[in-house]
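Chain by chain, the residues:
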Amino acid sequence: MCGIVGGISDRNVLPILIEGLKRLEYRGYDSAGVAFRENSKISLIKAKGRVLDLENKLPEKKIKSNQGIAHTRWATHGVPSEKNAHPQISENKIFVVHNGIIENHMNLKEKLQSEGVKFRSDTDTEVVAHLINLHMQKGMDFDSATLKAISQLKGAYALAIIDKDNPDLIIGARNQSPLVIGEGYDENFVASDIMALAPVTNKFKFMEDGQVAFITKEKNHVITSNGNAAKLKTQEIDSNSYTNDLGGFNHFMEKEIFEQPDAISKSIEGRLGKNETQEGIFGSGFEEAVKDVTNIQIVACGTSYHSGRIFEYWSHKFLGINCRVDYGSEYQYQEPIKTKKTLLVTISQSGETADTLSSLKFAKKTGLPVTLTICNVANSSLCRESDYTLLTNAGPEIGVASTKAFVTQLACLNLLLLTLMRVHNQTPNARKKITDALRDLPKHIDKTLKMTDVYKSTAKLLFKRSSALFLGRGLYFPIAREGALKLKEISYIHAEAYPAGELKHGPLALIDRDMPVIALVPDNEHLDKIQSNIQEVAARKGKVVTIGPLGKTKITKDGGHIKIPKTLDLLNPIISVVPMQLISYYTALLKGTDVDKPRNLAKSVTVE
Ligand code: G6P
């Protein structure tokens, strides 16, 4: 959600903070702010809008600041405005940046107000600054006042705090929202993720829930919620891939779509043998642990949820194992199926999505035995909370609308399918066929990416419309949902996906000549039925664009047909998402929306 960066050093930290914010902007981008010290003075500069708007407000004079904290915001409490941007302050003394939600802020605010504290913002964060200040006014030092304030907070938070009268210290705290410490030579930093600090260090400590860090130039001392020294290892991470270079593309989303063949190759590299998956790719003991599994529960959000829905079909068809897929935000509201033989799979690009993470923690409490995460970010909270991890290896995804994360999740879920097929003694022949097709997938996607002209002309059909319908059946229905999600996320066109057979039960009423329909047409047993559904739309003058591996057939209607390469039916949906990603991208370009940072959204959603 919001992005935090802070630093303390002999060199000027202000440019590091601003560059860090730019790199974190994908987490939130409705306002930004920075507090930086020059000698005994702390300057506070905030701006509504982007980091660039903040940068434009920085003084032109040469600044030399050795300590500072900065923030890019995705509003939860209080509209995006300068007043509500962070750092939030108490009497120009305590400065706080925060990611998360302080759930008991109303109670705390009332108590503080009864002691005469005046509030200036609508944020939940402001209570933290005032609490610390009040404890200090009552005689505590900065460290103890902050620890006491933190003990009063309920909810999710990553915090970075500075005190005007403590030039040598930044305090960081983490509970359910990620925070890392970046270590340098005689300098230390703190940030929401390593992306922000990649230009300055490759040494990181990943804080855990309940921990508080006291960060000076020379060292960082982390304690647990009991006050004991935390045993956190410094990890060296190759931060070279954490680049924010567009590499000649116009947007990160475009770059990431075109990276998909390479990303899938990296997902399967070293994991796929000649005829099947290599043993041990999910970690030692996984195969033994899933031997008796009779039930699979998947939990995920957004695009990641859609990849789970595809695995559901694979599981039923190829494993005969019951699989259920829930949204992270809904999972806990249904009594979970209690069986000792359940495999719980979380799927997430960021590994930090609060709804998915809290579902995993909830599931673990019910005693589910095996937990696996399919995730793009090593060391993320989901990786650390799960028994087993398979990294998607897609490389950093910056565009808010997820693309390469999705196809790599599907490649990894396919590796899971193949592994479970082996563990559950399915025929080697079936495994070999899928293995070969998975290996060929990057090649097919590469070919699909080359047909940009047809996607551009489909975008021309869409960009002036206010609504669009996406249709699919079976395996292709989750892909239709993903297509609709992409279009609405970045072009703001209302888009809905329907199982094609449901059309006649309601949405057909919407069809007229102004309603574009995108239909996924498979080469499988559903072909005849979806052809009939397309006829139903055409008879009502709806414009249908079809996407599928078959050549031009009677399904072609006036919207045109997009022929994609043909592979095994179970993998063809992965190829068919690519045209929809690019159609949405080109539609957004025609509409002039902000492709990489669509309004109101954030890439990593760390609040429930
Ligand atoms: C946000 C992003 C989506 C993403 C979803 C789940 O809503 O904007 O693109 O699919 O979170 O994120 P995750 O990191 O868990 O895959």
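Residues numbered from 1 in each chain as written. Predicted model: local features only at pLDDT ≥ 70, side-chain atom pairs only at ≥ 80, totals over all residues. Heavy atoms only, no water.

Visitor: Explain the domain arrangement of the protein chain to me, please; I cannot follow it from the model alone.
Guide: Quite often, the size of an interface is put as the accessible area lost when its parts meet. Segmentation of the protein chain into domains returns domain 1 (3–241), domain 2 (246–449) and domain 3 (451–596). Centre-to-centre, using C-alpha coordinates, domain 2 lies 25 Å away from domain 3. With 38 residues of domain 2 in contact, the opposing surface of domain 3 contributes 32 residues. Carbon and sulfur atoms supply 69% of the area buried between domain 2 and domain 3, which totals about 3100 Å² over both sides. For the domain 2 face of the interface with domain 3, the top three residues by lost area are Met 253, His 306 and Thr 448, together amounting to 19%. Here domain 2 and domain 3 share zero salt bridges between them. Elements represented by at least two residues in the side of domain 2 that touches domain 3 include exactly α7 (252–258), α10 (302–319), α13 (404–423) and α14 (428–449). Looking at the side of domain 2 that touches domain 3 element by element, the count peaks at 10 residues for α14. Residues that form the side of domain 2 that touches domain 3 fall into these classes: 22 nonpolar, 12 polar and four charged. (Domains from an automatic or database assignment. Contact = heavy atoms within 4.5 Å. Buried area = accessible area lost by both parts, 1.4 Å probe. Salt bridge = Lys/Arg side-chain N within 4 Å of Asp/Glu carboxyl O. Helix = DSSP H or I, 4+ residues; strand = E, 2+ residues; numbered from the N terminus. Nonpolar A, V, L, I, M, F, W, Y, C, P; charged D, E, K, R; others polar.)

Visitor: I would appreciate a short explanation of the side chain of Gln 409 in the present structure.
Guide: Within the secondary structure layout, Gln 409 lies in helix α13. One polar contact links Gln 409 to Ser 307, side chain to side chain, over a distance of 3.1 Å. Leave out the neighbours within four places in its chain, and Gln 409 touches Thr 303, Ser 304, Ser 307, Ile 347, Ser 348, Gln 349, Ile 374 and Thr 392. (Polar contact = N/O pair within 3.5 Å; in protein donor to acceptor, adjacent residues only side chain to side chain.)

Visitor: Help me out: how do you make sense of the UniProt feature "domain: Glutamine amidotransferase type-2" (unreviewed entry) in the protein chain in this one?
Guide: Look at the UniProt record and you will see "domain: Glutamine amidotransferase type-2" (unreviewed entry) annotated at residues 2–218. Taken end to end, residues 2–218 has its terminal C-alpha atoms 27 Å apart, with 25% of it in helix and 35% in strand. (UniProt positions renumbered as here; feature names shortened; annotations may be inferred.)

Visitor: Any chance you could explain the site of the ligand here in plain terms?
Guide: Within the structure, the ligand sits among 14 residues, and Ser 304, Ser 348, Gln 349, Ser 350 and Thr 353 are positioned closest to it. Contacts to the ligand include Ser 348, whose side-chain N or O atom sits 2.6 Å from an oxygen atom. In the environment of the ligand, an oxygen atom lies 2.7 Å from a nitrogen or oxygen atom belonging to the side chain of Ser 350. Protein coverage of the free-state accessible area of the ligand, which is 380 Å², stands at 89%. The element contributing the most residues to the shell around the ligand is α10, with three residues. The class makeup of the residues in the shell around the ligand is four nonpolar, eight polar and two charged. (Near = heavy atom within 4 Å. Areas by Shrake-Rupley, 256 points an atom, 1.4 Å probe, with all protein chains shown as cover.)

Visitor: I would appreciate a short explanation of the packing of aromatic side chains in the present structure.
Guide: Ring pairs (aromatic) are described by centroid distance and by the angle formed between their planes. Applying the stated criterion across every chain, the model contains seven aromatic pairs. Taking 4.7 Å as the distance between ring centres and 25° as the angle between the ring planes, the aromatic pair formed by Phe 282 and Phe 286 counts as stacked. The pair Phe 282 / Phe 286 is uniform in exposure class, with both members buried. For the pair Tyr 585 and Tyr 586, a centre-to-centre distance of 5.3 Å together with 65° between the ring planes defines the contact as edge-to-face. (Phe/Tyr/Trp six-rings, centres within 6.5 Å; stacked < 30°, edge-to-face > 60°. Buried < 20%, exposed > 50% of the residue type's maximum accessible area, 1.4 Å probe, protein only.)

Visitor: Please clarify how the state of the cysteines should be interpreted in this entry.
Guide: Every disulfide links exactly two cysteines, by a covalent bond between their sulfur atoms. Counted under the stated rule, the structure contains zero disulfides. Residue Cys 2 stays outside any disulfide, its sulfur separated by 17 Å from that of Cys 301, the closest cysteine. No disulfide involves Cys 383; its sulfur sits 3.9 Å from that of Cys 375, the nearest cysteine. On the basis of relative accessibility, which here comes to 12%, the residue Cys 383 falls in the buried class. (Disulfide = S-S within 2.5 Å.)

Visitor: I keep staring at the nonpolar core and nothing clicks. Help me out?
Guide: When a protein is soluble and globular, its nonpolar side chains tend to lie buried together. Core analysis: the biggest nonpolar cluster contains 84 residues, and Ile 296, Phe 311, Trp 314 and Phe 470 have the highest contact counts within it. Considering each element in turn, this core owes the most residues, 13 residues, to α13. Shared between two domains, this core holds at least three residues of each, these being domain 2 (246–449) and domain 3 (451–596). Sequence-distant contacts of Phe 470, defined by excluding residues within four places in its chain, comprise Ala 480, Gly 483, Ala 484, Leu 487, Ala 495, Glu 496, Ala 497, Tyr 498, Ile 518 and Met 580. Grouped together as the second largest cluster of nonpolar side chains are 34 residues, Ile 16, Leu 24, Phe 36 and Ala 196 included. (Core = buried A, V, L, I, M, F, W, Y, C linked by side-chain atoms within 4.5 Å.)

Visitor: Before we go on, may I ask you to explain helix α11 (residues 354–365) in this structure?
Guide: The periodicity of an α-helix, 3.6 residues per turn, causes residues three or four positions apart to be oriented the same way. Over its 12 residues, α11 extends 17 Å from the first C-alpha to the last, a length consistent with the 16 Å expected when each residue adds 1.5 Å. Inspection of α11 places Ala 354, Asp 355, Thr 356, Leu 357, Ser 358, Ser 359, Leu 360 and Ala 363 among the buried residues, and these make up the whole buried set. Against the buried residues of α11 lie β15 (295–300), β17 (342–348), β18 (370–375) and α12 (381–385). Count one or two residues on from α11 and you reach Gly 367, which has phi positive near 90°. (Expected span 1.5 Å × (residues − 1).)

Visitor: In this structure, what is going on with the pairing of strand β1 (residues 3–8)? I would like to understand it.
Guide: On a regular strand, each side chain points to the face opposite its neighbour's, so the side chains alternate between the two faces of the sheet. Where burial is concerned, most of β1 is hidden: six out of the six residues are buried. Taking every second residue as pointing to the same face, both faces of β1 are buried, with Gly 3, Val 5 and Gly 7 on one and Ile 4, Gly 6 and Ile 8 on the other. Taken together, the six bridges between β1 and strand β4 (residues 67–73) define a ladder with antiparallel strand orientation. Looking at the pairing, Ile 8 lines up with Gln 67 of β4. Of the strand pairs in this sheet, β1 and strand β10 (residues 187–191) are connected by four bridges, and their pairing is antiparallel. By the bridge assignment, Val 5 is partnered in β10 with Ala 191. (Pairing = 2+ DSSP bridges.)

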